[in-house]
Amino acid sequence: MDQNAPDAYTVRAAIALAVRAPSVHNSQPWDWRFSGRTVELRADTDRRLRQADPEGRDLLISCGCVLHHFTIAAAALGWATHIDRMPESAVLARIELVPRDPREEDIALATAIPRRRSDRRRYATRPLTAWEENRLARSATDHRAMLRFVDDAPRRAALTAAAVEARGLHRADPDYGIELASWSGRRYATDGVPARNAVLTTAASLGRDFSDAVLTDTEAQDGAALTVLSTADDTPLDRLRAGEAASAVVLTATRLNLASCLVTEPLELTCTRGLIRDCVVAERAEPQLVVRIGHLPDGTPPLPATPRRPIAEVLRPLGHYGIGLPIPVQQHES
Ligand SMILES: Cc1cc2nc3c(=O)[nH]c(=O)nc-3n(C[C@H](O)[C@H](O)[C@H](O)COP(=O)(O)O)c2cc1C
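On a predicted model such as this, the values are computed, not experimentally measured, just so you know. (Residues numbered from 1 in each chain as written. Predicted model: local features only at pLDDT ≥ 70, side-chain atom pairs only at ≥ 80, totals over all residues. Heavy atoms only, no water.)

**Some thoughts on the overall build of the chain**
At step 1: In terms of helices and strands, the chain carries 9 helices and 11 strands.
At step 2: Here the C-alpha coordinates of the chain stretch approximately 70 × 45 × 40 Å along the principal axes.
At step 3: Counting over 334 residues, the chain shows a buried share of 53%.
At step 4: Across the chain, every contact between residues at least 6 apart in sequence was considered, and the portion connecting residues at least 24 apart equals 76%.
At step 5: Put simply, the chain shows about 15,100 Å² of open surface, and 53% of that area lies on carbon and sulfur atoms.
At step 6: In the chain, the 42 positive side-chain charges and the 44 negative ones have mean positions that sit 2 Å from each other. (Helix = DSSP H or I, 4+ residues; strand = E, 2+ residues; numbered from the N terminus. Buried < 20%, exposed > 50% of the residue type's maximum accessible area, 1.4 Å probe, protein only. Contact = heavy atoms within 4.5 Å. Areas by Shrake-Rupley, 256 points an atom, 1.4 Å probe, with all protein chains shown as cover. Lys, Arg positive; Asp, Glu negative; His and termini not counted. Charge placed at Lys NZ, Arg CZ, Asp CG, Glu CD.)

What follows is the structure in structure tokens.
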């Protein structure tokens, strides 16, 4: 046995924390394998949203989020990660675990993981400080992405208009509606968006029309800082990295006691994506996600955590193929 390899309990603990990562519609489209000090991340393409995400962009971003969550969880447990991204077509990341004492920053970010929520409610009209904005922007740059704050009125209006337009176009698409209804309004499932975490959309909100939303907004006006996270290009690797950066941004926000929510609906359609690229980002960069960040109004109760699939469904020994099949058990002769 390799003395410098983590035991199965450590890998399992790191994955259990990693899968708290955000994913589109809480679809959790990932598949983890491990052996010795090697852990591999693959996409579970059966979980791609055929209507909302025909290109698989949101799927790759979601996998990037879980990859970054894993590196933070492993670091806090005493394992540095050396990542080979997309080493072969079926593997999104091959990760070597190397022992390393946890750093204060790793522990601080890891403790943010179970506290983070996608909070779709309206935020208070209390601006972020320049220091907070810098910290958030830096967390994206550390992962080769850019986080732009959309703070002037015309660009904010253009971003809101794109989101409203995308929601309208999606409302008129019955196939999209059927898919969204099948992934939301849930009560007991281990995936999908629970009704208790969804907010009833209003005319000017950036949100998606999740089914059976039970939350209603208390604030008249949304005071969220609106940001767009972009990458230099739009290759599959850029999308994976966008997810890693998005994860770093929302965990940093949680660490700073700020609420956050990732939004991609207006980036799922070519026309509204173009609007955001030309009128909001307005530089040579590819918009990947919108991130709302801000303070919750005083006294707002925290949201319940969304559910996750059991670890046995998403973590298997390396060399085991066939999603959904049980882990083979060694037969001993008596
Ligand atoms: C790629 C991606 C796209 C997302 N798009 C949206 C969106 O358009 N609207 C929204 O309300 N939430 C969006 N989310 C947030 C997910 O719905 C959320 O992460 C998931 O339901 C799990 O809940 P949690 O983040 O509170 O753990 C997105 C998340 C990811 C990673």
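Having seen the model, we can carry on.
**As for the sheet that holds strand β5 (residues 146-149)**
At step 1: Overall, antiparallel pairing links the 4 strands, which are arranged β5-β8-β10-β9 in an open sheet. Both edges of this open sheet fall to β5 and β9 (259-263), since each of them pairs with a single strand only. Direction aside, the axes of adjacent strands within the sheet are offset by 25 degrees on average.
At step 2: Where helix α7 (residues 236-255) meets the sheet, its contacts fall on β5, β8 (225-231), β9 and β10 (286-294), and the angle it forms with β10 comes to roughly 10 degrees.
At step 3: In the packing of helix α8 (residues 270-281) onto the sheet, contacts are made with β8 and β10, and the angle to β10 comes to roughly 70 degrees. (Pairing = 2+ DSSP bridges. Axes fitted to C-alpha atoms, helices over the stretch in contact; angles between N-to-C directions.)

**A short note on the site of the ligand**
At step 1: Taken together, 22 residues are adjacent to the ligand, and R116, S118, R120, T264 and R308 come closest.
At step 2: In this structure, an oxygen atom belonging to the ligand sits 3.3 Å away from a main-chain N or O atom of S23.
At step 3: Contact between the ligand and S118: an oxygen atom at 2.5 Å from a side-chain N or O atom of the residue.
At step 4: With the chains in place, 99% of the 620 Å² that the ligand exposes on its own is no longer accessible.
At step 5: Sorting the residues of the shell around the ligand by element identifies α2 (57-76) and β9 as the ones contributing at least two each.
At step 6: Residue composition of the shell around the ligand, grouped by class: 8 nonpolar, 7 polar and 7 charged.
At step 7: Counting the residues that make up the shell around the ligand, at least three belong to each of domain 1 (8-113 + 307-317) and domain 2 (130-294). (Near = heavy atom within 4 Å. Polar contact = N/O pair within 3.5 Å; in protein donor to acceptor, adjacent residues only side chain to side chain. Nonpolar A, V, L, I, M, F, W, Y, C, P; charged D, E, K, R; others polar. Domains from an automatic or database assignment.)

**Notes on unusual backbone geometry**
For residues other than glycine, phi is negative in most cases, and the peptide bonds are mostly trans.
At step 1: At Q28, a residue that is not glycine, the phi angle is positive and equals roughly 50 degrees.
At step 2: Within the secondary structure, Q28 is located in the loop between α1 (8-18) and β1 (30-35).

**A look at the pairing of β5**
At step 1: Covered by surrounding structure in β5 are L147 and F149 only, the residues M146 and R148 on the alternate face being uncovered.
At step 2: Strand direction decides the pairing type here: β5 and β8, joined by 4 bridges, are antiparallel. From the neighbouring strand, F149 faces β8, where its bridge partner is T227.

**As for the packing of helix α5 (residues 153-171) against α8**
At step 1: Packing of α5 against α8 leaves a shortest axis separation of 9 Å and a crossing angle of 180 degrees. With respect to each other, α5 and α8 are oriented roughly antiparallel. Between α5 and α8, the contacting residues are R155, A158, L159, A162, E165, A166 and L169 on the first element and C271, T272, L275, I276, C279 and V280 on the second.
At step 2: Grouping the constituent residues of the contact of α5 with α8 by class yields 10 nonpolar, 1 polar and 2 charged. (Parallel < 35°, antiparallel > 145°, perpendicular 65-115°, else oblique.)

**A short note on the environment of A140**
At step 1: Examined against the element boundaries, A140 turns out to sit in helix α4 (residues 130-141).
At step 2: Discounting chain neighbours no more than four positions away, the residues touching A140 are A145, M146, L147, L229, A245 and V249.

**Details of the nonpolar core**
At step 1: Ranked by size, the top nonpolar core spans 50 residues in total, and within it I15, W30, W32, L41, F70, L136 and L229 carry the most contacts.
At step 2: Each of domain 1 (8-113 + 307-317) and domain 2 (130-294) gives at least three residues to this core.
At step 3: If you look at the next biggest cluster of nonpolar residues, it comprises 19 residues, including A224, V228, V280 and V281. (Core = buried A, V, L, I, M, F, W, Y, C linked by side-chain atoms within 4.5 Å.)

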